[in-house]
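# Geometric and topological summary
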Amino acid sequence: MKSKHVPPAVGGPDPYFPTSGDHRYRVHRYELALDYRPGPNRLAGSARLSAVANTALAEFALDLAEFRIGRVLVDGKAARYTHRGGKLRIRPAKALGAGAVFTVEVHYTGNPRPVRSPWGGLGWEELTEGALVASQPVGSPSWFPCNDRPADKATYQIAVTTPSPFTVVASGRLLTRTTRASSTTWVYEQSAPTSPYLVTVSIGHYVPVPLTARPAQPGTGQHPHAGAGHLPQAGHVSQSGYVPRPLVEAFTRDFARQPEMMAYFTQAFGPYPFGEYAVVVADEELDVPVEAQGVATFGTNHLGGGWDRERLIAHELAHQWFGNSVSIADWRHIWLNEGFAKYAEWLWSEHAGGPAAAVHAAAAHRLLAGLPQDLRLVDPGRKLMFDDRLYQRGGLAVHALRRALGEDAFFAMLRDWTGANRHGVVATADLLAHASRYTAAPLGPLFEAWLERPELPALPA
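One structure accompanies this document, and this report is about it. (Residues numbered from 1 in each chain as written. Predicted model: local features only at pLDDT ≥ 70, side-chain atom pairs only at ≥ 80, totals over all residues. Heavy atoms only, no water.)

### Focus: the sheet that holds strand β10 (residues 130–134)
Paired through backbone hydrogen bonds, the strands of a sheet run either parallel or antiparallel to each other. To keep things clear, this is the line we draw: Two strands pair if DSSP finds at least two bridges between them. Numbering of helices and strands runs from the N terminus; a helix is a DSSP stretch of H or I covering at least four residues, while a strand is a stretch of E covering at least two. Note on geometry: axes are C-alpha line fits, over the in-contact stretch for helices, and angles between N-to-C directions span 0 to 180 degrees.
Spatial ordering of the open sheet is given by β9-β10-β15-β12, a layout of four strands whose pairing is antiparallel. Looking at the sheet topology across the chains shown, the edges are occupied by β9 (123–127) and β12 (167–170). Within the sheet, the average angular offset between the axes of one strand and its neighbour, ignoring direction, is 20 degrees. Examined bridge by bridge, β12 and strand β15 (residues 201–204) share four bridges and lie antiparallel to one another. Across the sheet, the residue bridging to Thr167 is Gly204, located in β15.

Structure, rendered in structure tokens:
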């Protein structure tokens, strides 16, 4: 189905992060060439952006943290610029007209560090040996100049040069790996439109571990309404792990069911939206796993088996459909990412022979009933956008929609939602309009109760 790509200019600045990004233009492609030395944590980079002006521009801005700027070119010509407060403001030699296609080239060096935020440091994080990137929601400027808006999706080529003992994993498909002297350059291509916060790089001493499907285990089921009577193979999707050598055995055991999970989600949600899926286990403990486009990063503390860890594998994989391929217009709509990923955990449990989604929903409802009811899913505010209640109530809202539509219509709606909006940008109103096509009953009251009002509705029967 044709991708639905809402022009990023719609809506102006993000209400939660009004100083992030510049809605007056949109980027089509980034070409990043980075040289990183892990010991001194030194990054030398060049970024070439191909963009289109949404309106006439005498100047425009990129988001970039505290790096030293070497030079800035617009359409190959030197441009004037200022750089302070995380903003690189650029004045081209000649003003750009509305609709103009232009290129920006920025050369920069420095010691990358996370961007400060209410949730701690975001973006580039130096590890004991290597580095990783976890940018949600506004950490991308910690390592490259960008238009840091979730709706401004572009393609990427990322070349990273680093000492040869290190492995580099980045968003997209590995094109080349070239070694010269003691350094190796890894070049990745992400051909699917990608939000800046979903671009990632991991650098470390990793062993590649292919993940392949195994025969179905006794006692595992297939959801009767998730497909047409068979479990499709997801073998065309390359699935690999990148893991510290001492953790290979634990990783192989704990992630053994991911190929089956991929096959089930492909059945329930539609075709996997990218060509590959990589899982990195950083040699560090992390607060939570981190999704990026085609990549998920886990910490050593996320190994060990059990439902609490298996649900995280499902959650991060589901984000490839909900959040990464189908992206939000701005951060007010974050429940569309997290609610569907939470519900995917419950669907996987149901499919794999664990408690049904209704059991998980009942537990979530009991939990929320005992907590403050001051959160509106449709616009939680920046302070509550990562509150655990948003995840739980988001899952409940999806469960309520499933109950309202019925099994066949619900799963058809899901597959059509990810298909019609593949690599696109959506808002909550788009989901209401889409889901309404699958029932004669009005869905407005359900959306109002679960999304607009802070009071917790009754558990769907």
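Now that the structure is up, let's keep going.
### Re the nonpolar core
Counted only if it meets this: Put simply, a nonpolar core is a bunch of buried Ala, Val, Leu, Ile, Met, Phe, Trp, Tyr and Cys residues held in one set by side-chain atoms that sit within 4.5 Å of each other. Three labels apply to residues, based on accessible area from a 1.4 Å probe with only protein chains included: buried if under 20% of the type maximum, exposed if over 50%, partly exposed otherwise in between. Two residues qualify as a contact provided that any one of their heavy atoms is within 4.5 Å of a heavy atom in the partner residue.
Phe265, Phe269, Trp335 and Met413 are the most contacted members of the largest nonpolar core, which has 81 residues in total. Considering every element that reaches this core, the biggest residue donor is helix α4 (residues 335–351), with nine residues. Residues within four places of Phe265 in sequence aside, it is in contact with Gly270, Ala314, Leu317, Ala318, Trp321, Ala344 and Trp348. Ranked by size, the runner-up nonpolar core spans 59 residues in total, among them Val27, Leu43, Val160 and Ala278.

### Some remarks on the packing of helix α2 (residues 258–269) against α4
In a pair of packed helices, the angle between the axes and the distance between the axes together describe the arrangement. Formally: The cut-offs work like this: below 35 degrees is roughly parallel, past 145 is roughly antiparallel, 65 to 115 is roughly perpendicular, and the gaps in between are oblique. Throughout, a crossing is termed right-handed when the near helix is turned clockwise from the far one, and left-handed when it is turned anticlockwise from it by less than a right angle. In this classification, Asp, Glu, Lys and Arg are treated as charged, Ala, Val, Leu, Ile, Met, Phe, Trp, Tyr, Cys and Pro as nonpolar, and every other residue, Gly included, as polar.
Contact geometry of α2 with α4 gives a least axis separation of 11 Å together with a crossing angle of 110 degrees. One way to sum up the angle between α2 and α4 is to call them roughly perpendicular. As α2 packs across α4, the resulting crossing turns out to be right-handed. Contact residues: Glu260, Met261, Tyr264, Phe265 and Phe269 in α2; Ala344, Leu347, Trp348 and His351 in α4. A breakdown of the residues in the contact of α2 with α4 according to their chemical character gives seven nonpolar, one polar and one charged.

### A look at the sheet that holds strand β4 (residues 68–74)
Ordered by their spatial adjacency, eight strands build an open sheet running β5-β4-β8-β2-β1-β11-β14-β13, and the pairing between neighbours is mixed. Edge positions in the sheet fall to β5 (77–78) and β13 (173–180), since each has one partner strand and no second. Note that β13 and strand β14 (residues 183–194) share seven bridges and pair antiparallel. Paired with Arg180 across the two strands is Ser183, which belongs to β14.

### What to know about the pattern of salt bridges
Basically, it comes down to this: Salt bridge, as used here: a side-chain nitrogen of Lys or Arg that lies within 4 Å of a carboxyl oxygen of Asp or Glu.
Applying the stated criterion across every chain yields a total of 20 salt bridges. One salt bridge connects Lys342 with Glu345, and the closest N-O pair in it is separated by 3.2 Å. Residue Lys342 and its partner Glu345 are located together in helix α4, separated by three residues, close to a single helical turn. For the pair shown, Lys342 and Glu345 are each scored as buried.

### Comments concerning the pairing of strand β7 (residues 87–91)
In this structure, strand β3 (residues 60–63) lies alongside β7, joined through four bridges in antiparallel fashion. If you follow Asp63 over to β7, its bridge partner there is Lys87. Summarising the sheet, strand β6 (residues 80–84) and β7 pair through five bridges and their orientation is antiparallel. Paired with His83 across the two strands is Leu88, which belongs to β7. The antiparallel pairing of β6 with β7 creates a hairpin that spans two residues between the two strands, and Gly85 there sits at a positive phi of about 60 degrees.

### Section: the packing of aromatic side chains
The relative placement of two aromatic rings is captured by the distance of their centres and the angle of their planes. Formally: Centre distance within 6.5 Å is the pairing criterion for rings of Phe, Tyr and Trp, where only the six-membered ring of Trp is used; planes under 30 degrees apart are then read as stacked, over 60 as edge-to-face, and the remainder as tilted.
For the coordinates displayed, the defined rule picks out 29 aromatic pairs. Geometrically, the ring pair formed by Trp335 and Phe340 is stacked, given 6.2 Å between the ring centres and 25 degrees between the ring planes. Just as Trp335 is buried, Phe340 falls in that class too. One aromatic cluster is present, formed by Tyr264, Phe265, Phe269, Tyr272, Phe274, Tyr277, Trp321, Phe322, Trp335, Phe340 and Trp348 through successive ring pairs.

### Quick word on helix α9 (residues 444–452)
What counts is decided by this rule: Regarding the arc, it is the one traced by the directions from the helix axis to the C-beta atoms.
Among all positions in α9, only Leu446, Phe447, Ala449, Trp450 and Leu451 are buried. Projected onto a plane normal to the axis of α9, the buried residues spread over an arc of 165 degrees and lie on a single side. Elements that come into contact with the buried residues of α9 comprise α4, α5 (357–369), α6 (388–405) and α8 (428–435).

### A look at the environment of Met413
Mapped onto the fold, Met413 is located in helix α7 (residues 407–420). Sequence-wise, Met413 and Arg402 are 11 residues apart; in three dimensions their C-alpha atoms are separated by 9.5 Å. Residue contacts for Met413: discarding those within four places in its chain leaves Leu401, Leu405, Leu431, His434, Ala435 and Tyr438.

### Quick look at helix α3 (residues 307–318)
Cut-off, in case you're wondering: In a helix, the anticipated span is given by 1.5 Å times the number of residues less one.
Spanning 12 residues, α3 covers 16 Å between terminal C-alpha atoms, matching the ideal 16 Å at 1.5 Å per step. Those residues of α3 that fall on the buried side of the exposure criterion are Leu312, Ile313, Ala314, His315, Glu316, Leu317 and Ala318.

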